[in-house]
Amino acid sequence: MKKRMDCLRRYLGLLGLFARYSLMEQMEYRVNFAAGIAVECGYMLIKLMYAFLILQAGVSLNGLTSWEMLMCVGTYILITGLFMSMYPNFCLLSFSVRDGSLDMLLTKPVNTQFLVTLRKLDFGMPIPNVLCGVALIVYGWQGAGLAVTVTGIVGFVLLCMTGLFLTYCLFLIPELLSFWFVSNSGVHQLSEAVRDFDNVPMNVYPKWLQRLGIFVLPVFVITNFPTLYVARKLSVPMTIWAFAAAALVFALQRLVWKKALRRYTSANG
Amino acid sequence: MAVIEAEQLCKQFRYSTKAKGLQGTLHNLFERQKLTKTAVDRISFSVEEGEAVGLLGPNGAGKTTTLKMLSGILYPTSGTVRVNGFIPWERRPEYQRQFAIVMGQKSQLWPDLPAVDTFELNRRIYRIDPEEYRRTLAELTDLLDVGPLLQVQVRRLSLGERMKMELIAALLHRPAILYLDEPTIGLDILSQRAIRDFLRYYNQQTKTTILLTSHYTADIEAICPRSIIINHGRVVFDGPLAQVSEVFGHKKLISLRSRQDLDPQVLASLGLVREFTSNTALMEVERDQLESCLQQLLGRLPVMDLDVKDIPIEEGIAYFYQRSGEAAQ
């Protein structure tokens, strides 16, 4: 147990150092850093517009009130923001495979996946998204008149963290295809499109698509389940499924990762 | 004791060709001709503890691929390797802490930050004791004379300075084995010499096992008492570099300059004329005919300057490259 705690502390320390170095790097290019935040604020305003459109319409859709839908949109913005912090690594992966710059990372005595997928953290995009996402969640939670309890908050945070973990695992798999196909921009765009399905609460989609998005490609688990849990609209088996789905996708992702590394051919510089 | 033991190591890459033009591209879309390239072809060698070994070979010979398999970057197609008892491509942290790799064309430094930040990251990755880290860093920066550059962003450093920083980053955890892939590529003469001097000194002082690839014979001569020549993925020579030139040991080169124009026919009667201008010539003669050749040259020609040399080592290496190339065909 002590060994595991030491290991966890070490990796968190390294993650902190990556965050510090990434921030230092981004601050080197001040204009770019500020422009990144400004562009993301623009995108966020568009998301906010349709969020408030839902609210103004004041309709309930397939069992979700407009306030609860606002929470779902807030959760999407929050998780997307957090995911965006590690996203540069995902985008860099196919380049690293193509030009062989993965080489040095493969020789370090730390978990390779940790190093490859978390060493560059972005701050420009997540800052406005996280702030806005949290604000929408709090606003929606209050407006929906949901009880603010410890179990509610803990459950919500836990399901959000599971959602973030699921996002990381699920959307890493398409990027790993670059080990086979080298250039995977088409697959990359496809996975972006799939992620965009979460833009709106899953209740707007037909039942068959909801099932597909919960059990086959569990994207709807990511941003809908936290709100459904707080609104007491998530059954126990479905709550268990949220964690099981994360564990299953993680196992699948590790399998693909290991196979991918065996395929690495390391282009010469 | 052998630190590195490679047995029948083989690495093949699959690739496909494409005919020229749009037609070739369209054809390629539906059907691709799969080919196999054998980059490393069942090579076997061993390296003793503290030894410095040079890997020589033309482009595409398999040197870098061999280093990448030894460092665990690549999985081999077949064959075995044991480095200090570890199988490299299992990528065990215990093994990864024992070696370092420096590649002339790839960097581990964060370009927008000063090198000292990467060093700090490596300290944490390799779990180096802070006091030991300070001592090692001071020693290495002193040896490589880069103290004032530690606070400069890597992207602002010259290539030579960057390479020195790469070496420091690689050596902070005091690896027992150091893999170097063309560490002096693209460097000016002074930087090349500085890196060479440092590596030779470091190898002698710390008994770190070094495996070095380079196209510069001077690197190998300065650092490695033993060389392995690889071509077409196979070992074609293994021994001291001086022995390479022994294939031409029975020959000598005579470089001469005359006061008057030289007669090429006279020169040709004395030996093989390799280069010729009106009053200068470079001749190749058999060693046992050297004395008589010199007597005749000095007696028959108004020689102003004359120099007798061994065949350059590069020609010995080229001979091995060509010979193995012909054998492979």
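The preceding data block contains the structure.
All values derive from a computational prediction rather than experimental measurement.

Draft legend 1. Local environment of the sheet that holds strand β7 (residues 209-213) of chain B. All names here are of chain B. The strand order across the open sheet built from six strands is β5-β6-β7-β3-β8-β9, with neighbouring strands paired in mixed fashion. Of all the strands in the sheet, just β5 (99-103) and β9 (234-239) have a single pairing partner and so form its edges. When the angles between neighbouring strand axes are averaged without regard to direction, this sheet yields 15 degrees. The pairing of β5 with strand β6 (residues 177-181) spans five bridges and is parallel. Its bridge partner lying in β6, Ala100 is registered against Leu178.

Draft legend 2. Layout of the sheet that holds strand β2 (residues 34-48) of chain B. All names here are of chain B. Spatially, three strands are ordered β2-β1-β4 in an open sheet, and the strand pairing comes out antiparallel. The two strands at the open ends of the sheet, each matched to only one other strand, are β2 and β4 (78-83). Averaged over neighbouring strand pairs, the angle between their axes works out to 20 degrees when direction is ignored. Pairing analysis gives eleven bridges linking strand β1 (residues 2-16) to β2, with the strands arranged antiparallel. When the sheet's bridge partners are listed, Lys11 is paired in β2 with Val40.

Draft legend 3. The arrangement of helix α12 (residues 236-263) of chain A in detail. Helix length check: α12(A) (28 residues) gives 41 Å between terminal C-alpha atoms against 40 Å at 1.5 Å per residue, within 8%. Every buried residue belonging to α12(A) is among Ala242(A), Ala245(A), Ala246(A), Val249(A), Ala260(A) and Leu261(A), and all of these are buried.

Draft legend 4. Representation of the packing of helix α2 (residues 30-57) of chain A against helix α3 (residues 66-99) of chain A. Residue and element names in this part refer to chain A. The geometry of α2 relative to α3 is characterised by a closest axis approach of 8 Å and an angle of 165 degrees between their N-to-C directions. Looking at the two axes, α2 sits roughly antiparallel to α3. Both α2 and α3 take part in a crossing whose hand is right-handed. Across from Met44, Lys47, Ala51, Ile54, Leu55 and Ala57 in α2, the residues of α3 making contact are Ser66, Met69, Leu70, Val73 and Ile77. A class-by-class count of the residues in the contact of α2 with α3 yields nine nonpolar, one polar and one charged.

Draft legend 5. Molecular detail of the nonpolar core. All names here are of chain B. Among the nonpolar cores identified, the biggest contains 131 residues, and Ile168, Tyr179, Ile210, Leu211 and Leu212 are the most heavily contacted of them. Setting aside chain neighbours within four positions, we find Leu211 in contact with Val47, Val53, Leu55, Leu67, Leu70 and Tyr179. Residues Leu253, Ile254, Val285 and Leu297 belong to the second largest nonpolar core, which totals ten residues.

Draft legend 6. Representation of the interface of chain A and chain B within the structure. Each side of the interface is counted separately: chain A has 21 residues, and chain B has 25 residues. At the level of secondary structure, the elements contributing two or more residues to the side of chain A that touches chain B comprise α1 (2-28) and α4 (103-106) of chain A. Per-element accounting of the side of chain A that touches chain B gives the leading share, seven residues, to α1(A). For the side of chain A that touches chain B, a count of residues per class yields eight nonpolar, eight polar and five charged.

Criteria and cut-off values
Residues numbered from 1 in each chain as written. Chains lettered and ligands numbered in written order. Predicted model: local features only at pLDDT ≥ 70, side-chain atom pairs only at ≥ 80, totals over all residues. Pairing = 2+ DSSP bridges. Helix = DSSP H or I, 4+ residues; strand = E, 2+ residues; numbered from the N terminus. Axes fitted to C-alpha atoms, helices over the stretch in contact; angles between N-to-C directions. Expected span 1.5 Å × (residues − 1). Buried ≥ 20, exposed ≤ 12 C-beta atoms within 10 Å, placed from the backbone. Parallel < 35°, antiparallel > 145°, perpendicular 65-115°, else oblique. Left-handed = near helix turned anticlockwise from the far one by under 90°. Contact = placed C-beta atoms within 7 Å. Nonpolar A, V, L, I, M, F, W, Y, C, P; charged D, E, K, R; others polar. Core = buried A, V, L, I, M, F, W, Y, C linked by C-beta atoms within 7 Å.

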